[in-house]
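# Observations on the three-dimensional arrangement
So the chains spell out like this:
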Amino acid sequence: MLLFSAALSAQAQQAVYRCGQEYTNAPRDPALCEPLAPQAITVISGTRPTPSPAAAAVPAPLPTAVPRRSTPTEPGAAALELAGQPRTPSVPVRTPDVQQSERDAQARTILMQELDKARAQLAQLVQSYNQGEPEKWAAETRNHQKYLDRVAGMLAAIERTERDIDSLQRELARRPVQTSRSSP
């Protein structure tokens, strides 16, 4: 019986060849391909798709027998099961209000710094743009198209920086302004 099962497993796993960048079990020309050593087969189960809303409305049939363990494998697992909580390996812990307010203040500070940098960059770009007539460089005196390309790039950079400033201002408006809580 053992010999029979070994013969079936050897027959089920065919030889695999590497033909350049292609891996196949049926090469066109086996002389040009390199046979690979047989390896253990690994099966990785995929994720299950979430049911559509229409499928969720139809109740799934209940299994007839559900095997249950008599003892939980993790300490406190029984308490979670009794409380109706799903068992997850890591439950995110909510941070206290003080830590959250510190994070919000730090995020607001970073946004303010980025806004200041963007405004300084915009001022520098506008100054060098010189109302659409920046100074010509030496290489651009002979080739006017280079000059026009550079001017167009400068205008695009100005517009991009203005959009960045607008988005930073919108983000700052979404962030609450921290008020200091002082005890009387």
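The rules behind these values
- Every chain is numbered independently, its residues counted from 1 as its sequence is written.
- Confidence filtering applies because this is a predicted model: local features only for residues at pLDDT of at least 70, side-chain atom pairs given and counted only at 80 or more, and all residues used for totals across whole chains, interfaces and linings.
- Neither water nor hydrogens contribute to the side-chain values; these are computed over all heavy atoms in the structure.
- By definition, disulfides here are pairs of cysteine sulfur atoms that lie within 2.5 Å.
- Only runs of H or I of at least four residues qualify as helices and only runs of E of at least two qualify as strands under DSSP, and these elements are numbered from the N terminus.
- Between the first and last residue of a helix there are one fewer steps than residues, each counted as 1.5 Å, and that sum is the expected span.
- Whether a residue is buried, partly exposed or exposed follows from its accessible area with a 1.4 Å probe, protein chains only, as a fraction of its type maximum: under 20%, in between, or over 50%, in that order.
- Two residues qualify as a contact provided that any one of their heavy atoms is within 4.5 Å of a heavy atom in the partner residue.
- Salt bridges are defined as contacts in which a side-chain nitrogen from Lys or Arg sits within 4 Å of a carboxyl oxygen from Asp or Glu.
- Here a polar contact is taken to be a pair of N or O atoms separated by no more than 3.5 Å, where protein atoms must pair a possible hydrogen donor with a possible acceptor and residues adjacent in sequence count only if both atoms sit in side chains.
- Here a pair means two rings of Phe, Tyr or Trp (six-membered ring of Trp) with centres within 6.5 Å. Their orientation is stacked below 30 degrees between planes, edge-to-face above 60, and tilted elsewhere.
- Lysine and arginine charges are scored as sitting over a ring when NZ or CZ, respectively, is within 6 Å of the ring centre and within 35 degrees of the ring normal.
- Each residue gets a pLDDT score, which is the predictor's confidence in that residue and runs from 0 to 100.

Turning our eyes to something else, we now look at the state of the cysteines. For the structure shown, the criterion picks out 1 disulfide. At a sulfur-sulfur separation of 1.8 Å, the disulfide partner of C19 is C33. Since a negative S-S torsion denotes a left-handed disulfide, the C19-C33 link at about 110° is right-handed. Placement of the pair is C19 in strand 1 (residues 17–19) and C33 in the loop between strand 2 (22–24) and strand 3 (34–35), with a sequence separation of 14 residues.

End to end, helix 4 (residues 97–129) covers 47 Å across 33 residues, agreeing with the expected 48 Å (1.5 Å per residue, within 8%). When we look at burial in helix 4, the residues that qualify are D104, A107, L111, L115, A118, L122, L125 and Y129. Residues of helix 4 that are buried sit in contact with helix 5 (144–174). Taken from the residues just after helix 4, N130 is the one with a positive phi, measuring 55°.

Now for the pattern of salt bridges. Opposite charge on two side chains lets them pair, provided their charged atoms get close. On inspection of all chains with the given rule, the structure shows 5 salt bridges. Residue R150 pairs with E140 through a salt bridge whose shortest N-O separation is 2.6 Å. Here the residue R150 occupies a position in helix 5, and E140 occupies one in the loop between helix 4 and helix 5, the gap between them amounting to 10 residues. For R150, a relative accessible area of 16% gives the class buried. On the accessibility criterion, E140 (4% relative accessible area) is buried. Residue E171 is joined to R174 by a salt bridge in which the shortest nitrogen-to-oxygen separation is 3.4 Å. Here the residue E171 and the residue R174 both occupy positions in helix 5, the gap between them amounting to 3 residues, near one helical turn. For E171, a relative accessible area of 21% corresponds to the partly exposed category.

Across its 31 residues, helix 5 extends 46 Å between first and last C-alpha, which sits within 8% of the 45 Å expected from 1.5 Å per residue. When we look at burial in helix 5, the residues that qualify are Y147, R150, V151, M154, A157, I158, T161, I165, L168 and L172. In this structure, the buried residues of helix 5 make contact with helix 4. For helix 5, the capping residue at the N-terminal end is N143, with a side-chain oxygen 3.2 Å from the backbone nitrogen of Q145.

Let's shift gears to the packing of aromatic side chains. The geometry of an aromatic ring pair comes down to the distance between the two centres and the angle between the two planes. In total, this model carries 0 aromatic pairs according to the counting rule given. Positioned over the ring face of Y147 is K136, at 5.1 Å from the centre of the ring. R150 extends its terminal NZ or CZ atom over the ring of W137, reaching a point 4.0 Å from the ring centre.

A separate point is the confidence of the model for the chain. On average, the chain scores 76 in pLDDT, and the residues at 70 or more come to 65%. Mean pLDDT across the secondary structure elements of the chain bottoms out at helix 3 (residues 77–82), with 49, and peaks at helix 5, with 93. Between residues 1–8, whose pLDDT stays under 50, and residues either more than four places distant or in other chains, the model counts 0 contacts. Every residue in residues 77–81 scores below 50 in pLDDT, and together they form 5 contacts with partners more than four places removed in sequence or on other chains.

Let us look at unusual backbone geometry. If you check the backbone angles, N130 has positive phi at about 55° while not being a glycine. Topologically, N130 is positioned in the loop between helix 4 and helix 5. Under the relative-accessibility criterion, N130 is labelled partly exposed at 46%. Its identity as a non-glycine residue notwithstanding, Q131 has a phi of 55°, on the positive side. Along the chain, Q131 turns up in the loop between helix 4 and helix 5.

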